[in-house]
Structures are given as C-alpha cells and as structure tokens.
Amino acid sequence: MLHEMSWVEAKEYFAKADIAILPVGSNEQHGPQNPLGTDHLIARAIAEETAKRTGTVCLQVIPFGVSSHHKQFWGTIYISPGTFKSYVKEACLALNYYGIRKIVIVNGHGGNLPALMEMARELREKGIFVSIFQWWSAANRLLPDLFKPEERGHAAAEETSVNLALHPHLVNLDKAVDEEPRKHTAQTEGIILPLDTVNCTGSGVFGKSTTASAEKGKKVFEAIVNELVKHVNLLKRAKIEDLMQKPRV
Ligand SMILES: [Zn+2]
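What this report covers is the structure whose coordinates are included nearby. Remember, predicted model here, so these are calculated numbers, not experimental data.

As a further point, take the overall build of the chain. Secondary structure summary: the chain contains 9 helices and 6 strands in total. Relative to the globule expectation of 18 Å for 249 residues, the C-alpha radius of gyration of the chain, 19 Å, shows essentially globular dimensions. Its C-alpha atoms put the chain at 50 × 40 × 35 Å along the principal axes. Looking at the chain residue by residue over its 249 residues, the buried ones come to 48%. When the accessible surface of the chain is totalled, it reaches about 13,000 Å², and 55% of it is carbon and sulfur. Each charge class in the chain was averaged separately, 29 positive and 28 negative side chains, and the resulting centres sit 6 Å apart.

Given below as structure tokens:
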C-alpha cells in the first residue's frame, strides 16, 4: 500500500516499476442489508489482494463516486462526473510524475464508468495507459451459473454475497429483501431514460437478495482476483509502446 510506505520506499518502488493499482468506488445505498460503502469496500479488497499477489503498489481507495441517481436513499454521497473525472485524473497524473505509465483502476461502481472511460482516453493521449476492471462483468463471464440473472442486480444476491465473504459484520442478512424492479411507463425497447433508483425500487434492491451466501461470495472473490492478477501480470510484461495509440495509417 502506497500510504504505508515511506517516501524512501516509494522511491525504490517507482525506480523499478511502471505500474500501479487504484481502486475507486462510491458511497451509496445498497438495500437495507448492505453497508453504504459496499462499492468502495469491495473495490479496495480486490485491489489490495491483487496487489499482494503481484507485488504491485496499490493506492488508497477513492470512496466517493458518481451516484446522484441513488440520492433519495439516505447517506448517498454523490460527486458530479466532471469533478470525479478530474480528481481521479489528477491522482493518475501524480503517479505519472514518478514514472508510472500503466494504471489499473479497480472500479466498484458502474456509474463511474463513463467518467473513467473519458479520463482513460485523455491519459492515453499523454502516454499513460489506464485499464478499468469491473468485477461483476468478470464474475458474470467466469461463473455464469453461480447466480440467476435476477440475483445479479444492484444490491442483489451476488453483491451481498461478496460483502458476506469480505466483511460479514457489515451485512444484516435478516433485512435482505427480494424486489422485482418496476418498469417506468416511458420504458420501451431501445430507450434509455435518466431515471433514479427510487423510480424502480422502494428497497434499493434490484432483484433477489435473500439467496446470498458467504460461500458463493468467496467463489466470486477468488475467481475475479485470479482474473485481475492475470491482467496485471500481462500489463507488467507489456511494452508501453505497444499500449499507446498507433500513428496514422
Ligand atoms: Zn454496488
């Protein structure tokens, strides 16, 4: 962990490595059973474990993200996409000042993705390669049969299971509910609406959460960390020139 090193130790690391891991998340409602910190707590745990297994430096998690769509549920701390993008970008540029040119962002909250993608494109122009890992997409592919589609929604069984595996004392499974998300009257195929969570669910849970278990959560955690370890090792070996933009054809 970068913040646990002295500047002398940091200098030694930066002198021989060009890669770092940065977890980002959010502080937002995750149903009545999960902590508000779910997205940044999970991102942090994945990032720290991957850092340990690959000998890569890991930064502190950035806890607040783009989640104004959850604000009607108490305790959601939401940051605008522009501010979030600038803040994460400046953290990446600070790393670059010490020679880091490959940054793996472990993103715990889907709402952060558009801002992170914009930032990653801008930084690639400057010679910094940023990749973004989202654990639920990986879990979907790696363990397709572990959860049903209705168990994979926001605050549903999959996410609750990972919380149970990582920090069971913060989960109150007795409070878990199953709620089928409501459809807005304007909803139709191919249409994307700027809705808030409160338009779709009263509990904050999208789907089925009562089937969560620590055992399933452990399987997810192990599978996604293995996958991310592969990615970090691949980036370590990659030449920076091969990761940069190509010249005009
Ligand atoms: Zn979440």
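This brings us to the packing of helix α5 (residues 135-142) against helix α6 (residues 157-166). The relative placement of two packed helices is expressed as an angle between their axes plus a distance between the axes. Their axes nearest at 12 Å, the elements α5 and α6 cross at an angle of 105°. Our classification of the angle between α5 and α6 gives roughly perpendicular. Contacts between α5 and α6 involve W135, W136 and A139 on the former and, on the latter, E158, E159 and V162.

Per the stated rule, a full pass over the model turns up 10 salt bridges. Note that R152 and E158 form a salt bridge whose closest N and O atoms lie 2.8 Å from each other. Per residue, the accessibility class of R152 equals that of E158, and both read buried. Connected through shared salt-bridge partners, E49, K52, R53 and E222 make up one network.

By size, the foremost hydrophobic cluster in this structure holds 60 residues, and its most contacted members are L22, I46, V88, I103, I105 and W135. Broken down by element, this core gets its largest block of residues, 8 residues, from helix α8 (residues 214-237). The contact partners of I46, leaving out residues within four places of it in the chain, are V106, F133, W135, F221, I224, V225 and L228.

Protein coordination of the zinc ion is provided by H30 (NE2), D39 (OD) and E159 (OE), with donor distances spanning 2.0 Å. Under the relative-accessibility criterion, E159 is labelled buried at 9%.

Moving on to the side chain of T38. By the secondary structure assignment, T38 is in helix α2 (residues 38-54). Relative accessible area serves as the criterion here: at 0%, T38 is assigned to the buried category. One polar contact links T38 to N163, side chain to side chain, over a distance of 3.0 Å. Not counting residues within four places of it along the chain, the set of residues in contact with T38 comprises H30, E159 and N163.

Quick notes on the rules
- Residues numbered from 1 in each chain as written.
- Predicted model: local features only at pLDDT ≥ 70, side-chain atom pairs only at ≥ 80, totals over all residues.
- Heavy atoms only, no water.
- Helix = DSSP H or I, 4+ residues; strand = E, 2+ residues; numbered from the N terminus.
- Rg over C-alpha atoms; globule rule 2.2 N^0.38 Å.
- Buried < 20%, exposed > 50% of the residue type's maximum accessible area, 1.4 Å probe, protein only.
- Areas by Shrake-Rupley, 256 points an atom, 1.4 Å probe, with all protein chains shown as cover.
- Lys, Arg positive; Asp, Glu negative; His and termini not counted.
- Charge placed at Lys NZ, Arg CZ, Asp CG, Glu CD.
- Axes fitted to C-alpha atoms, helices over the stretch in contact; angles between N-to-C directions.
- Parallel < 35°, antiparallel > 145°, perpendicular 65-115°, else oblique.
- Contact = heavy atoms within 4.5 Å.
- Salt bridge = Lys/Arg side-chain N within 4 Å of Asp/Glu carboxyl O.
- Core = buried A, V, L, I, M, F, W, Y, C linked by side-chain atoms within 4.5 Å.
- Donors = N, O, S within 2.8 Å, 3.2 Å for Na, K, Ca; no water.
- Polar contact = N/O pair within 3.5 Å; in protein donor to acceptor, adjacent residues only side chain to side chain.

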